[in-house]
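# Breakdown of the fold
Each chain is listed here by its residues.
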Amino acid sequence: MPAQVVTTENVTKIYGKKEAAFTALDGVNIEIRAGETVAIVGKSGSGKSTLMHLLALLDRPTSGSIQIGSKDASKLSAKQLDMIRNKTFGFVFQQFFLNGNDTALNNVTLPLKIAGMSKKARNQRGMEMLEAVELEDKAESKANDLSGGQKQRVVIARALANNPKLIFADEPTGNLDTKTGKIIENLLFNLNKKKGITLVIVTHDTDLAARCHRQIFIEDGRIVRGGKR
Amino acid sequence: MKLIDIIRDANSNLLRSKARTILTIIAIFIGALTLTVTNGIGSGVSKYIDQQLGNLGAEDVIVVQPQADDSFGSGPQKYEEAETGTSSNSGFGLLIPMMNDQDIQEITAVSGVVSAEPMLTPAPDYIVGPNNEKYQMLAQPFISGTNLELASGVLPDNESGENQLTLPFDHTPVIGFSSPEEAVGKTVAIGITTAAGEQKEVEATVVGVQEKSLVDLGGANTNDALTRNLAAVQSEGKPASAPEGYLAVIARVDVDTSSDEMERIKSDLRDRGYEAQTFQDTIGIFKQVVGAIIAVLNFFAVIALVAASFGIVNTLLMAVQERTKEIGLMKAMGLGRGKIFLLFSIEAILLGFWGSLLGSLAGIGIGLAANQYASSTFLKDLPGFSLTSFSPISVAVIMLIIMLIAFIAGTLPARRASRKHPIEALRYE
Ligand SMILES: Nc1ncnc2c1ncn2[C@@H]1O[C@H](COP(=O)(O)OP(=O)(O)O)[C@@H](O)[C@H]1O
Ligand SMILES: [Mg+2]
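Residues numbered from 1 in each chain as written. Chains lettered and ligands numbered in written order. Predicted model: local features only at pLDDT ≥ 70, side-chain atom pairs only at ≥ 80, totals over all residues. Heavy atoms only, no water.

### Examining the overall build of chain B
Per the secondary structure count, chain B includes 12 helices and 14 strands. A buried classification covers 42% of the 429 residues belonging to chain B. A separation threshold of at least 6 residues defines the contact pool for chain B, and within that pool the share at least 24 residues apart is 78%. Counting only carbon and sulfur atoms, one obtains 60% of the accessible surface of chain B, whose full area is about 21600 Å². (Helix = DSSP H or I, 4+ residues; strand = E, 2+ residues; numbered from the N terminus. Buried < 20%, exposed > 50% of the residue type's maximum accessible area, 1.4 Å probe, protein only. Contact = heavy atoms within 4.5 Å. Areas by Shrake-Rupley, 256 points an atom, 1.4 Å probe, with all protein chains shown as cover.)

### A closer look at a nonpolar patch on the surface
A contiguous nonpolar surface patch, about 750 Å² in accessible area, is contributed by Ile285(B), Val289(B), Ile293(B), Val296(B), Leu297(B), Phe299(B), Phe300(B) and Ile303(B). Inspection of the secondary structure puts Leu297(B) in helix 8 (residues 279–322). (Patch = residues over 30% accessible without salt bridge, like charges linked within 9 Å, V, L, I, M, F, W, Y side chains within 5 Å. Salt bridge = Lys/Arg side-chain N within 4 Å of Asp/Glu carboxyl O.)

### Details of the interface of chain A and chain B
Put simply, an interface is often sized by how much accessible area is lost when its parts join up. Each partner contributes to the interface: chain A provides 26 residues, whereas chain B provides 22 residues. For the pairing of chain A and chain B, the buried interface totals around 2000 Å² over both sides, and the portion due to carbon and sulfur atoms is 57%. It is Phe97(A), Lys113(A) and Ile114(A) that lose the most area in chain A upon contact with chain B, and together they represent 29% of the buried surface on that side. We note a salt bridge from Asp9(B) to Lys113(A), for which the minimum N-O separation is 2.8 Å. Of all the secondary-structure elements, those providing two or more residues to the side of chain A that touches chain B are helix 1 (48–55), helix 2 (78–88), helix 4 (110–115) and helix 5 (119–132) of chain A. (Buried area = accessible area lost by both parts, 1.4 Å probe.)

### Points about the pairing of strand 11 (residues 222–225) of chain A
Residues and elements named next belong to chain A. One ladder, built from 3 bridges, connects strand 10 (residues 214–219) with strand 11; its direction is antiparallel. When the bridges of strand 11 are listed, Glu 219 appears paired with Arg 222. If you look at the hairpin formed by strand 10 and strand 11, you'll find 2 residues sitting between the two strands, and Asp 220 has a positive phi there, around 50°. (Pairing = 2+ DSSP bridges.)

### A few points about helix 5 of chain A
Within an α-helix, residues lying three or four positions from one another point in the same direction, as the helix has 3.6 residues per turn. Counted at 1.5 Å a residue, the expected span for helix 5 of chain A with its 14 residues is 20 Å, and the 20 Å between its end C-alpha atoms agrees. Of the positions making up helix 5 of chain A, those classed as buried are Arg122(A), Arg125(A), Gly126(A), Met129(A) and Leu130(A). Taken around the axis of helix 5 of chain A, the buried residues stretch over an arc of 145°, which confines them to a single face. Exposed and oriented more than 90 degrees from the buried face of helix 5 of chain A are Lys120(A) and Gln124(A). Close packing links the buried residues of helix 5 of chain A with helix 3 (104–108), helix 4 and helix 6 (148–161) of chain A together with helix 1 (3–16) of chain B. (Expected span 1.5 Å × (residues − 1). Arc of directions from axis to C-beta.)

Here you go:
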């Protein structure tokens, strides 16, 4: 694995067409290195989520290029992109995106099910992940019956299930009270410390940003500071 | 994602909104039920016909009659002096053309026809059995090779010089026999009126009793000897100048005649101005009528299914809308388009599967109950006729067709789901 996990070169993202066109990102050059924790900081509407979605290969830039490892993302097929997201990325969104009627365990094992793992193997792995976030006793509870903090821990367990190299977290504490938010923060930074998982955290919380190795500041779709080391 | 997991998920997604799923399944259920019942009746009836007639045996026989008049109803035809036979006034004011020896020669001349003989149709007045009472009777000449179903005894023997006949099942008790078995070997007398207007009796031996059946509605079958004797008595005292005539001619072809060759012979006969029909043709007409009725019923069933497929489209579009976020999440986690498409397609197929399975089972249940009812009421007189019949293959075919319809209906929502962009799906509030 090269030092840079993800790099962008002069990336622009324009939403809409003609008169309705809106430039959400404008000439963005940043790099994410293996094993580091990076905060993407900016006001609401500044383009943080848009940037994260591009880095996570969930969307394609209007112009410019994104390098994933040593490969140009635009040259990869949809299948290869799906594969990279499934095998090497973990996602934590501001909204939980849990299937409320399903058990915590089944929510955690979703990426493994998508990867085609057998039920037995993925349940075993899922239990390990729930233990890692100290929720093993809630494995069979419905996601709807969990508290906000517990839900976000389930989300983190899910992000960890496929043993990712990189976790993208979009405002992971935005929906939580300060105390629960701290627990989630600690959980994430511990993963970086113990397992060397690269973290990309989108936030407008300056305290959370300060705990990261590096902060990328974004304003109106432009990087104002910290794009590269 | 493994196929088994996709199927499992599709199934549990359907169970998520039970009311909606059940309503959709009911619509499919109705279509499947109708299809199953109509096809059950169709195959029940045609199975019976095949059983009754399919192996008639007399495949070498063509019944030849003068062609029906095209100008029927357009006033009386010009009288022609004994040219192609005479006409018999049937008593209904209709002139039925008759055939004579000249026609026999003409028919025999058609290549492929081995022999032709008049179909004598003597019209007896009554029959007298052990109880010495006169009862009206119908009789028809027995054609060798016909498979009559018998309750007792044997078929009439056309080679025998003895007067023989088989009696319809319901005649035996009326004329005084205690059982079909008892009738066999007994002598009955048949009353017939001569051309001179005198009533005479001819004696004949009962060789068998016919089972009731759909195609043989009540006439006695007379062997050649009896037919000729009756015909002879009937024409006694006829003036010598009166022309000889018969309603039909029995033409025989070689037993090995192919169906193509048979068609050729029939069309040759038609070209010469005759109506030519085999027993298979008669069955064919009957089957066509039954087939047409079944087709109409099936048409309604298919309309029900088309309506049901809109239900499937609607149900799944709602499901796609509701599960936008979930679809986006799964896509973000690397689930490909094809798998998403498959997930919703399988939901559609499962709707079709459950609807058609329950519909078929209910259809079979209703069919079997109807069989029970029918065989103790309106089909009582037709032993061996079960109103409906179901084969695993035809039920499986119906189920597959419905699942295919469901799949096709599901492609629209499934495509919509597979094309959802993960970002838009994740931003969806
Ligand atoms: N699909 C879209 N179509 C049009 N505009 C969009 C779309 N997604 C985001 N935007 C706009 O792009 C800007 C950046 O959005 P986003 O990346 O979500 O900001 P942030 O995450 O920093 O709050 C916002 O002004 C938003 O309204
Ligand atoms: Mg955002």
